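Examining the three-dimensional arrangement
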Amino acid sequence: MGAGGQRRGIHYWWVAFRFSVLLSCMERGSAQIKYSVPEEVKIGSVVGNVAKDLGLDISSLEDRRFRIVSGTEDALFDVNRNNGVLYVHKNIDREELCESTSPCLINLKMVAENPMEIHYVVVELIDVNDNSPSFQEEEKILEIPESILPGKRFQLPTARDPDVSINTVRLYKLSQNEYFSIQIRERGDDKVPFLVMQKSLDREKHHEHRLILTAVDGGNPPRSGTLNVTVIVLDSNDNHPIFSQEVYSVTIPENVDAETSVITVKATDLDEGVNGDIGYFFGEEIDPKVYDMFVLDKDTGEIRVKGEIDFEKVDVYKLDIHATDKGQPPMSTDCTVIIKVLDENDNKPEIEVTSLSKMVSEDSKPGTVISLISIKDKDAGLNGKVTCSLSDNAPFELKPSFQENMYSLILKNRLDRESISHYDIEITATDCGQPPLSTLKTLTIDVSDVNDNNPEFLHNPIEFYLRENNVPGKTIFSITATDRDLNENGALTYNIVRDEGSQVKTAAFLNINSENGQISALKGFDFETLKTFQFHVVASDSGTPSLSSNVTVNVFILDQNDNAPVILYPLSSNGSAEGVEEIPRNVNAGHLVTKVRAYDADIGYNGWLLFSLQEVTDHSLFGLDRYTGQIRTLRSITETDEAEHKLVILVKDNGNVSLSATATVIVKLVEPKEAFAASDVKSSAKADEDNNVTFYLMITLGSVSALFLISIIVLIAMQCSKSTDYTSKYLQEANYDGTLCHSIQYRSGDKRYMLVGPRMSIGSTIVPGSHANTLVLPDRRRTSEEVRRFSILIEDIIHALSESLLWLTSRSCLPNREDDL
């Protein structure tokens, strides 16, 4: 291995050693951590374990989204969420990031969520000797008169090295010669080489001297750069100009007007005439940007403003000024002008929002961090000190951080999306300059919905009226509820409660559309068997957890004229409505021949029956009462009247579409003796049957009475243990004997009303203004489920026995004689 390879090996070993030492030199202060890392390290090199040094749980870094939220724009560093290691993400060039600034610090802001935490990490980039000193030009030509005495100094161009500290230019070397040596003078932080003449020049012997100037930095191993220096020996003009001071310093405010005079430099020359006439110029090594900012009067040395002076871009300018006389050869000298820029309040604060939660849940607790806000101001001093405020009309507040100009936006009060679902928060940042400047930023925050509202029904209970004989499967009515929540939390589904109870059989025939609440019946309802029923509907939202509300639905069946009159008498043996009546010829006018009996299962006007003669052989002999159905003679019977008469009676109800039935009565006119004989035959034939019917009737009446007494005793005993709160309830089914229609008359003012319907049970009361089929009975307070079931059982038994009793009664009540009628 050659010497170059050995030097590179030693160099890499030294860099690795310094890197390991720097990584171990972390410091924690003011709640922030500082690391050091040399530039040009490999991508992926570990800087430090941030999570361990901050005391964070490494296993929760992924869930808490531990990350770097601010730092260098090109993401030089990144953090591994699996182990909390901060590593190099991109190649680091300290000279590109910080130029000549030392130390070179990179500020990183790290955030962890749930709970929200913010940490600050400072990474110092350590300079590595990766740049060699260089000169702006390859050759420097000096013209030196031969009359110059030994000891004269000539300034040489300075070498520039982007590295800092010990890695920058430390010394200059001059190639071996007998006339010149090198002298280094320090001007501030810069080292300026001077060529010092050690021996008088003799142009006739050597009219030109070629030298090599070498600039060496302080790195290990050191780097160097060279400049070719050519000295041309001249005659005459042996005095050079001299500035009144080597360093001029002046301050100017930023944003100063163009053509404003900054400073005037002055140099003198002991020579006379042309050799003492001085011109001023910018140095050749000056930054090209200076030509855009300042202009130098070559005759007077006055420096004036040319461009826009901005403190935030450059706060200090260093100008190299050369003074050259006009002698032959010309002689020159130089000085440095330092121009410091004073800051003015010309920049508004900048508001930076980090990790803004644009959607906040309405159940968030007070103190929840909504956003991190950073305030920046490019101005310095009081001009860059900023205060931040928040609009008063929002349930939020700003909480300052320990680091200046850092705030956390936190929730101050509880949120209610149903009241306010959107907030526009105005943040105002104002600096302390004179006059102060401010910036306004609006943050938009939406409140997300939480399932915190139950569905609501407009009415509870809900009452519906339904005509009987509805079409099965067709919608009969609909139920609607509302929910103040949104989306799934407000999406409602409807269900019928299928609980146990007296209404469970009816509810089984109902079906509800779970999406729109439309209820349809699977069967047609019959008013004659069911007059009212009740069920419950539950409305549930789709939130998690789901919320629900129920409503009681009372359905009242309205009667329709769907039952034709039924003839009870006359009724022949084959079931047809036809009977034969015999009357003696000697009866007088008004004699009751017979009575047509009929009933209608409908109620009200639908069950009000009217009788009329549809067909009669002699209109002058018989008359029919249209309300009672009684057939009577209109006159005495004569010898010329026929012996047999046929009467066809039409029985119809009073519905909108009237329904009817017909009965045929054959009236035979007989002599009085024959009538009595026929009457005796009928009486004897009927005797046995009447005895049997009477026996059955006694047994039925005894059973019903016994069950009725037992029911009354049990109900009274159970009622006595309850409160005596009375309510009014609808009677589900009116009790009637089903034999004949009846009417109830009442007056209201000047008008007279008649209600017609089946014969009611004793104690029933019709309430004017109620539905035609509705009876109101005094009902004691709500009994328990056991009492209700027991009552239903007793009612079923009594109903069955009543049907039997009705049948027997109808058999026994058929009129066969005038006395029976």
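Per an unreviewed UniProt entry, the chain carries the name Protocadherin alpha-8-like and comes from Seriola dumerili. UniProt lists a comment for the chain under the heading Subcellular location (unreviewed entry), and it reads "Cell membrane". On record in UniProt, under Function (unreviewed entry), the comment for the chain is "Potential calcium-dependent cell-adhesion protein. May be involved in the establishment and maintenance of specific neuronal connections in the brain."

Here we take up the sheet that holds strand β38 (residues 510–512). Backbone-to-backbone hydrogen bonds join strands into a sheet, with any given pair of strands oriented parallel or antiparallel. The strand order β35-β39-β38 describes an open sheet built from three strands, whose pairing is antiparallel. If you trace the sheet from one side to the other, it starts and ends with β35 (475–478) and β38, each paired once. Mean inter-strand twist for the sheet, computed between neighbouring axes without regard to direction, equals 30°. Here β35 runs beside strand β39 (residues 518–521); their pairing, made up of three bridges, is antiparallel. Its bridge partner lying in β39, F477 is registered against I519.

Scanning the model with the defined rule gives 18 salt bridges in all. One salt bridge connects K326 with D277, and the closest N-O pair in it is separated by 3.1 Å. Taken together, the positions of K326 in the loop between β23 (316–325) and β24 (332–342) and D277 in the loop between β19 (267–268) and β20 (278–282) put the pair 49 residues apart, joining distant regions of the chain. Across the pair D641 and R635 runs a salt bridge, and its minimum N-O distance is 3.0 Å. If you follow the salt bridges from partner to partner, you end up with R65, R67 and E113 in one network.

Spatial strand order, β34-β41-β40-β37: four strands in an open sheet with mixed pairing. Of all the strands in the sheet, the pair left with one neighbour each is β34 (462–467) and β37 (492–496). Averaged over neighbouring strand pairs, the angle between their axes works out to 30° when direction is ignored. Where β37 meets strand β40 (residues 532–541), five bridges bridge the pair, whose relative direction is antiparallel. The residue of β40 that forms the bridge with Y494 is A539.

Taken together, the side chains of F708, L709, I712 and I716 present a nonpolar region at the surface, about 380 Å² in accessible area. Mapped onto the secondary structure, L709 falls in helix α7 (residues 672–719). The exposure class assigned to L709 is exposed, which follows from its relative accessible area of 53%.

All right, on to unusual backbone geometry then. Of note, the amide linkage connecting N114 to P115 takes the cis form, showing an omega dihedral of 0°. With respect to the element layout, P115 can be found in the loop between β7 (104–112) and β8 (117–126). For the bond from N220 to P221, the omega torsion is 0°, close enough to zero to count as cis. A positive phi angle is found at N487, which is not glycine, with a value near 50°.

In this structure the tally under the stated criterion is 11 aromatic pairs. For the ring pair F396 and Y423, a centre distance of 5.5 Å and an interplane angle of 85° mean the geometry is edge-to-face. Taken together, the positions of F396 in strand β29 (residues 396–400) and Y423 in strand β31 (residues 422–431) put the pair 27 residues apart, joining distant regions of the chain. Residue classification places F396 among the buried residues on the basis of a relative accessible area of 3%. Note on Y605 and W608: the rings are 5.5 Å apart at their centroids and 55° apart in plane angle, and the pair reads as tilted. Directly above the ring of F194 sits R153, whose terminal nitrogen or CZ lies 4.6 Å from the centroid. The side chain of K531 reaches across the aromatic face of F527, ending 4.9 Å from its centre.

Mapped onto the elements, R585 comes out in the loop between β43 (578–584) and β44 (592–595). For R585, a relative accessible area of 15% corresponds to the buried category. Reaching out from R585, the side chain makes a polar contact with the backbone oxygen of T638 at a distance of 3.3 Å. Other than its neighbours up to four places away in sequence, R585 contacts I637, T638, E639, D641, E642, A643, L669, V670 and E671.

What counts as what
Residues numbered from 1 in each chain as written. Predicted model: local features only at pLDDT ≥ 70, side-chain atom pairs only at ≥ 80, totals over all residues. Heavy atoms only, no water. UniProt positions renumbered as here; feature names shortened; annotations may be inferred. Pairing = 2+ DSSP bridges. Helix = DSSP H or I, 4+ residues; strand = E, 2+ residues; numbered from the N terminus. Axes fitted to C-alpha atoms, helices over the stretch in contact; angles between N-to-C directions. Salt bridge = Lys/Arg side-chain N within 4 Å of Asp/Glu carboxyl O. Patch = residues over 30% accessible without salt bridge, like charges linked within 9 Å, V, L, I, M, F, W, Y side chains within 5 Å. Areas by Shrake-Rupley, 256 points an atom, 1.4 Å probe, with all protein chains shown as cover. Buried < 20%, exposed > 50% of the residue type's maximum accessible area, 1.4 Å probe, protein only. Phe/Tyr/Trp six-rings, centres within 6.5 Å; stacked < 30°, edge-to-face > 60°. Lys NZ or Arg CZ within 6 Å of the ring centre and 35° of its normal. Polar contact = N/O pair within 3.5 Å; in protein donor to acceptor, adjacent residues only side chain to side chain. Contact = heavy atoms within 4.5 Å.

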